[in-house]
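A look at the structure
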Amino acid sequence: MPILNRAAEMQEEVAGWRRHLHETPELLYDVFETSSFVAEKLKAFGCDIVETGLGKTGVVAIIKGRHGDGPTIGFRADMDALPITETSGKPWASKVPGKAHSCGHDGHTAMLLGAAQYLAETRNFKVSVAVIFQPAEEGGAGALAMLDDGMMDKFGISEVYGMHNAPGMPVGNFAIRKGSLMAAADSFEITINGNGSHAAAPHLSIDPVLASAHVVIALQSIVSRGTDPLKSLVISVTTTHGGTAHNVIPSFVTLTGTVRTLLPETRDFAEKRLKEVAEATATAYGATAEVNYHRGYPVTVNHDSETEFAIGVAGSVAGVSGVDANTAPRMGAEDFSYMLESRPGAFIFIGNGDTAGLHHPAYDFNDDVLPYGISYWVTMAEKALAA
C-alpha cells in the first residue's frame, strides 16, 4: 500500500513518542504534561505559530504552505486518557495507577505530530494547516471548549477533519460515510419516589423498587414499539441505586442511563417519551418519577463534499478496496461533532487491527497504524493544493 516513504521512516521515532504518552496518561482537561510535550515538539519542528491554552489545555499550531496564500484546514487529534487500570502487559503500559490510554488518543496525537513534522519540513502544499490537539474528549467536551475560545475564527479555519482508530478493522484500511456517522449521547436520571416500610409489611409501603423495575422494562417499549426500526435509538438503564438493608423497603430508587440517536427528530422524541413513560409507569404503582434529562455530545455528521475529499485521500493511501466509503453508523459518540457543527469537514476511522476493543483495560494502540495515519494527514494537505 502506498504509504509515504518518509512516514515509514518516521515510524520508530513516532512510536517512541506514542509510547511515552501511553506511559503517562492524563485525564480530561488535566493534560498539562501531554500538552507541554506536544507544544515542545511543534516548536522544534518549526511550525509558524504554536499557541497553547485553548480550551484550557489545548494546543494549536499553524504550518503555512509553500505558497502561503491558501485557506486554512484543521486536523484534530485528542490527547486525554481514561480512568481505567491497564492490563495490557506491554513494556510501555501506564505508569499512572487508575489511568490508561485505552482509547488510542496517544496514537492519534503521535500520528498528527508525525504529520506536523513532515509538513513543516516539506511545505509542499498550498493551504495552511492547523494541527489541533484537544483535551477532554472523554466526556469533557474539550472540542466545544476550544470552539468557545474562538479557535476557528482566530486561525481562519475553513474546514476541519478528524480521525479515530478502529479495533477489528485491518491495519491500513479506512471507513467513513456521508451524513450521520456517530450518535448523539444523552444521559438521564430518574428518581422513583414511594413510601418506605418494613419488608415484612409491603402493604404499608409504596414500593419504589417494584415501580423502578417496571420503569426499566417500560422504557424499552419506546424503542421496540414507538420508534421506526430504520431510525436508530438506544435506551440503556445502566445503574440502579436504592435501599440500605435486606429487610427494608426504601423510600426512593434512582435509575441512570444513556440515550443514543442518529437523527434530531429521534432525539426529541426519545427525550419526550422517556419522561412520559417513566412518570406514567411510576404512577401506575402509586409512586412518582422525577426525570432529569441531559443532552450531551450531538450527532457526528460528515459533510458531503468534504467526505468525498476524505474518501479520495484515504483511497490514495489504502487503495480503493481499502476504504469503506459507506460504513454503518456507530452508536458511540464523539465530541468532534461540535467542530463539524462549526465548520464543514469529515471524521474517518482507521483500522487498528486485531486488538482489544476501545475502553477495554487490555487495549493498546497498534504502532503499525502510525505510517498510515501520518500518510493520510500529509496527503490531505498536499491534495488540497490541487483542490
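Up top is the structure.
First, a word on scope: everything that follows refers to the structure included in this document. (Residues numbered from 1 in each chain as written. Predicted model: local features only at pLDDT ≥ 70, side-chain atom pairs only at ≥ 80, totals over all residues. Heavy atoms only, no water.)

Looking at the element boundaries, N5 is found in helix 1 (residues 5-23). Taking relative accessible area as the criterion, N5 reaches 64% and is therefore assigned exposed. Sequence-wise, N5 and S375 are 370 residues apart; in three dimensions their C-alpha atoms are separated by 9.1 Å. (Helix = DSSP H or I, 4+ residues; strand = E, 2+ residues; numbered from the N terminus. Buried < 20%, exposed > 50% of the residue type's maximum accessible area, 1.4 Å probe, protein only.)

This part is about the sheet that holds strand 15 (residues 323-324). What the 8 strands build is an open sheet, ordered 1-2-4-3-5-16-6-15; its pairing is mixed. At either margin of the open sheet sits one strand with a lone partner, and together these are strand 1 (49-54) and strand 15. Note: strand 6 (residues 174-175) against strand 15, 2 bridges, orientation parallel. Paired with A175 across the two strands is D324, which belongs to strand 15. (Pairing = 2+ DSSP bridges.)

Among the nonpolar cores identified, the biggest contains 61 residues, and L42, F75, F133, Y376 and M380 are the most heavily contacted of them. The biggest single contributor to this core is helix 3 (residues 105-122), with 9 residues. With residues near it in sequence (within four places) discarded, F133 still touches V38, L42, G58, V59, A77, M79, T109, L112, L113 and M146. (Core = buried A, V, L, I, M, F, W, Y, C linked by side-chain atoms within 4.5 Å. Contact = heavy atoms within 4.5 Å.)

The subject of this paragraph is the sheet that holds strand 8 (residues 184-193). Pairing is antiparallel across the open sheet formed by 4 strands, whose spatial order is 10-12-8-13. Of all strands in the sheet, those bounded by a partner on one side alone are strand 10 (233-242) and strand 13 (288-295). Taken pair by pair, the neighbouring strands of this sheet meet at an average axis angle of 20°, ignoring direction. In this structure, strand 10 lies alongside strand 12 (residues 252-261), joined through 9 bridges in antiparallel fashion. (Axes fitted to C-alpha atoms, helices over the stretch in contact; angles between N-to-C directions.)

This brings us to the pattern of salt bridges. What the rule picks out here adds up to 20 salt bridges. A salt bridge links D48 to R123, with the shortest nitrogen-to-oxygen separation between them at 2.5 Å. Placement of D48 in the loop between helix 2 (32-45) and strand 1 and of R123 in the loop between helix 3 and strand 4 (128-134) is noted, with a sequence separation of 75 residues between them. Given a relative accessible area of 38%, D48 falls into the partly exposed group. Residue R123 is classed as buried on the basis of its relative accessible area of 18%. (Salt bridge = Lys/Arg side-chain N within 4 Å of Asp/Glu carboxyl O.)

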